[in-house]
Amino acid sequence: AGLFVAMLAVLGLLIWASGLHLVQLNHYQSRAILKTFAIALLSAAAGYALSRVLAPGLPLAFFSQVFTAFVLLSIGTRMLVREIVVRSYRRRHGALRLLIYGAGQTGQHLAAALQNDPRYFVRGFLDDDSALHGASILGLRVYPTRRLEERISRLSIDRVVLAMPRLSDVEK
């Protein structure tokens with residue numbers, strides 16, 4: 001029991017010192033995930049060191065399991081809760097359902113930015129490159145451009161956003 005209390009105290013101190021508790025769900029991305037890994041590693045190491053005094057005989061494998069559980073639960077629950085909140089907000093507030101025309105770098109940057117904005121619901125990409133059709137990019141499906149009107153109707157799309165900066169005005 002003493003080891004558990006000491007590990008919780010160390011964990012709480014590390015979370016507070018790193019500011020991880022202040023990270024908003026909408027901004028829990030790579031930096032916060034790296035902080036979570038660091039906190040998990042430091043708390044497992046501190047737990048192992050404390051166990052030598054408070055609970056001798058605990059195997060090192062126990063602390064690697066503590067590290068793994070903390071990482072999976074911390075990151076997983078935050079991402080799950082964020083997804084539930086965003087989907088709920090989008091349904092309640094009528095987010096614009098979008099398809100992005102162009103699955104290249106510009107389209108991917110646009111999708112990444114819009115996925116963090118609850119006013120928009122990116123349903124996927126449209127692209128002329130048949131090698132990409134059916135692929136998943138950033139968790140979004142790439143659709144062919146043929147039968148576009150049918151696809152827009154089936155997916156209840158409000159807007160198609162063009163993400164092809166090299167097109168001339170005539171091609172747009």
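### Examining the sheet that holds strand β3 (residues 136-137)
Stage number 1. What the 5 strands build is an open sheet, ordered β3-β4-β2-β1-β5; its pairing is mixed. Sheet topology places β3 and β5 (159-162) at the edges, where each strand pairs with a single neighbour.
Stage number 2. Bridging between strand β1 (residues 96-101) and β5 involves 4 bridges; their strand directions are parallel. Note that in β5 the partner of L99 across the bridge is V160.
Stage number 3. Contacts from helix α4 (residues 105-115) reach β1, β2 (120-126), β3, β4 (140-143) and β5, with the element oriented near 160 degrees to β2.

### Side note on the pattern of salt bridges
Stage number 1. For the structure on display, the rule yields 3 salt bridges.
Stage number 2. One salt bridge connects D158 with R97, and the closest N-O pair in it is separated by 3.5 Å. Linking D158 in the loop between α5 (148-154) and β5 with R97 in strand β1, this pair joins segments that are 61 residues apart in sequence.
Stage number 3. When its relative accessible area of 34% is taken as the criterion, D158 is described as partly exposed.
Stage number 4. For E150, the salt bridge goes to R147, with nearest N and O atoms at 3.6 Å.

### Topic: helix α2 (residues 30-54)
Stage number 1. Along its 25 residues, α2 runs 35 Å from first to last C-alpha, staying within 8% of the 36 Å computed at 1.5 Å per residue.
Stage number 2. Three or more residues of α2 are buried, namely A32, T36, I39, A40, S43, A44, G47 and S51.

### Quick look at a nonpolar patch on the surface
Stage number 1. Taken together, F4, V5 and L8 make up a surface patch of nonpolar side chains, about 320 Å² in accessible area.
Stage number 2. Residue position: L8 is located in helix α1 (residues 2-18).
Stage number 3. Residue class for L8 comes out partly exposed when judged on its relative accessible area of 45%.

### A few points about the nonpolar core
Generally speaking, nonpolar side chains in soluble globular proteins are found buried as a group.
Stage number 1. Counting residues in hydrophobic clusters, the biggest one holds 11 residues: L98, I100, A103, A111, L114, V122, F125, I137, L140, V142 and A163.
Stage number 2. Elements supplying a minimum of two residues to this core: β1, α4, β2 and β4.
Stage number 3. If we ignore the near neighbours within four places in the chain, the residues touching L98 are L114, Y120, F121, V122, R123, G124, I157, R159 and V161.
Stage number 4. Among the nonpolar cores identified, the runner-up in size contains 8 residues, and L20, A32, A40 and V71 belong to it.

The rules behind each value
- Residues numbered from 1 in each chain as written.
- Predicted model: local features only at pLDDT ≥ 70, side-chain atom pairs only at ≥ 80, totals over all residues.
- Heavy atoms only, no water.
- Pairing = 2+ DSSP bridges.
- Helix = DSSP H or I, 4+ residues; strand = E, 2+ residues; numbered from the N terminus.
- Contact = heavy atoms within 4.5 Å.
- Axes fitted to C-alpha atoms, helices over the stretch in contact; angles between N-to-C directions.
- Salt bridge = Lys/Arg side-chain N within 4 Å of Asp/Glu carboxyl O.
- Buried < 20%, exposed > 50% of the residue type's maximum accessible area, 1.4 Å probe, protein only.
- Expected span 1.5 Å × (residues − 1).
- Patch = residues over 30% accessible without salt bridge, like charges linked within 9 Å, V, L, I, M, F, W, Y side chains within 5 Å.
- Areas by Shrake-Rupley, 256 points an atom, 1.4 Å probe, with all protein chains shown as cover.
- Core = buried A, V, L, I, M, F, W, Y, C linked by side-chain atoms within 4.5 Å.

Don't take any of this as a statement about function, it's just geometry.
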